[in-house]
Amino acid sequence: MSKLLSDVFYIGSGAALTMELLVGGILLGLALGVVFAILRRYRWARPVICGLVSVIRGTPVLLQISIFYFILIPALFRCDLGIRATGIIALGINSAAYVSEILRGGIESLPKGQFEAAYALGIPPFYMWRDIILPQVIMNVLPSLVNETVSLLKETALIATIGGMDITRRAQAIAAARYEYFTPLCIAAVTYYALVRILEFIGKKIENRKLYAENM
Amino acid sequence: MLRICNIGKSFNNIAVLNDVSVHVEESSILGLAGPSGSGKSTLLRCIQGLEKPDAGSIKYDGKIGFMFQDFQLFPHMTVLQNLVYTPTRKAASEKKQQYIAKANTLLKELGIGAKAGNYPSTLSGGQKQRVALARSLMIDPDLLLCDEPTSGLDVATISDVVALLRKVHKRNVTIIIASHDLDFLVEICDRIMLLKSGQIIADVRPSQHTNTALHLKSFYDFSCDDAREQA
């Protein structure tokens, strides 16, 4: 029994790294995703953004993490940023591609008149995006953003490939040491599932916080 | 004075406005009539700058307010926020209070003072119309452009719109209204232009005709026959 408890504690403490990767990754993903989605509407930036999104979505995350860790980060920063920072950058940029496409759908589904009304009232582009367009878009695409967050949570497990001691890696370590798979893998699965349920709960809370009555 | 000189606009090689010239006197109410697709909305949108004309020029110095056919209120803001967002965005805090007071007065004047805290989704069509009007008045426009202000409104609400626009006109605001509702235009306008296929085919002043609507309708009949012949 005490062995089970210590396993739970050991694997569960990997949730700290998992959550750091998730929170860092989704924040970076949202910030860059918004920038990508807006830039995409400008003709001069569109080819660059479309190319970037296409490459990011067209290659495995596992590969992207390795490329960032072994090639890009050393080449760009001339130093080792560490597993956590590399993970956040790689997962964040990957997430940004998906977030930008989610936002694009939301932006394109808004009536064109909302942009025109902002223009007619003389609202400059920055304020139009920040105060008029994005608040409406984010409310409308919130379920998809929660979905993306849940996906990203599970993708953080790939950090194990560059040595990050997250939930998955710790479970694998116990399994490898004792040749016993059932217990550690089950503990890892339950931990992930619990985290996903917490995310879903938070997502529902935000969705229910009606920003405006009955959506138009 | 608004001077529109020889403007042209086409979409996908289909001419929507074709060499249109209009001079609009200060503090007048001009009506743009015509069937759907005749170019009246495009003309308004060119004046506001929402569309760039392919040819010709539009000269106007003064603030322009625009009232959209489907209002385009911001759904995530209350009625009051819709009104004060633009003027208060960069105003100092004491000035902000003045704008809020001004917005509340405007809403009261338009008979929707009690709705200041409501979201647009909870308002009726006529109430949204009033909010849209109030929002465009917040910037003290010299020229107000109204795109189909009576579409989708019932008869009683339409006569309210007439009264409201008259009130606005009393503030020395020049008004241009695009509408296919001839009776409405005749009731309120000093001058009505009839557009067909992007050209002005009639320019009348209701004061000079005993029955302007009938007079204008004769052009409609003519244009219908014309269309039939072409078909």
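All of the points below concern the structure found in this document. Note that the structure is predicted; figures quoted are calculated from it, not measured.

### Some thoughts on the packing of aromatic side chains
- Summed over all chains, the structure comprises 5 aromatic pairs over all chains.
- A ring pair is formed by Y69 of chain A and F70 of chain A, whose centres lie 5.0 Å apart and whose planes are at 80°; its orientation type is edge-to-face.
- Between the aromatic rings of F126 of chain A and Y127 of chain A, the centroid separation amounts to 5.2 Å while the plane-to-plane angle is 85°, which identifies the pairing as edge-to-face.
- According to the relative accessible area criterion, F126 of chain A is exposed, its value standing at 53%.
- One residue, R41 of chain A, lies across the ring of F115 of chain A, its end atom 4.8 Å from the ring centre.
- Over the ring of Y127 of chain A we find R89 of chain B; its NZ or CZ atom is 4.5 Å from the centre of that ring.

### Some words on the interface of chain B and chain A
- In this complex, chain B contributes 20 residues to the contact, which on the side of chain A involves 22 residues.
- Summing both sides of the interface, chain B and chain A together bury roughly 1,900 Å²; the carbon and sulfur share of this comes to 64%.
- Taken together, the links from chain B to chain A amount to 1 salt bridge.
- The salt bridge partner of E116 of chain A is R45 of chain B, with a shortest N-O separation of 2.5 Å.
- In this assembly, chain B and chain A are joined by 6 residue pairs in polar contact (both at pLDDT 80 or more).
- Taken together, the elements giving at least two residues each to the side of chain B that touches chain A come down to α1 (40–48), β5 (64–67) and α2 (79–88) of chain B.

### Describing the pattern of salt bridges
Residues and elements named next belong to chain A.
- One pass over the full model with this rule turns up 21 salt bridges over all chains.
- The partner of R104 in a salt bridge is E108, and the shortest N-O contact between them spans 3.5 Å. Highlighted residues: R104 and E108, both in helix α5 (residues 83–109), separated by 4 residues, approximately one helical turn.
- Look at E108 and you get exposed, because its relative accessible area is 52%.

Thresholds, definitions, all that
In every chain, residue numbers begin from 1 and rise along the written sequence. Key to labels: chains lettered from A, ligands numbered from 1, both in the order written. For this predicted model, a pLDDT threshold of at least 70 governs which residues receive local features, and a threshold of 80 or more governs which side-chain atom pairs are given and counted, while totals over whole chains, interfaces and linings are taken from all residues. Hydrogens and water molecules were not included; the side-chain quantities draw on all heavy atoms of the structure. The aromatic pairing rule takes the rings of Phe, Tyr and Trp, using the six-membered ring of Trp, and pairs them if the centres are within 6.5 Å, calling planes under 30 degrees apart stacked, those over 60 edge-to-face and the rest tilted. Here the term buried applies to any residue with accessible area under 20% of the maximum for its type, exposed to any over 50%, and partly exposed to those in between, with areas from a 1.4 Å probe on protein chains only. To sit over a ring, a charge needs its Lys NZ or Arg CZ within 6 Å of the ring centre and within 35 degrees of the ring normal. Residue contacts are counted whenever heavy atoms from the two residues lie within 4.5 Å of one another. Buried area counts how much accessible surface, traced with a 1.4 Å probe, disappears from two parts once they are put together, with both parts' losses summed. Salt bridges are counted wherever a side-chain nitrogen of Lys or Arg sits within 4 Å of a carboxyl oxygen of Asp or Glu. Contacts described as polar in this section are N or O atom pairs within 3.5 Å, which, within protein, must combine one atom able to donate a hydrogen with one able to accept it, while residues neighboring in sequence count only if both atoms come from side chains. Helix and strand labels come from DSSP, where a helix needs a run of H or I of at least four residues and a strand needs a run of E of at least two; each type is numbered from the N terminus.

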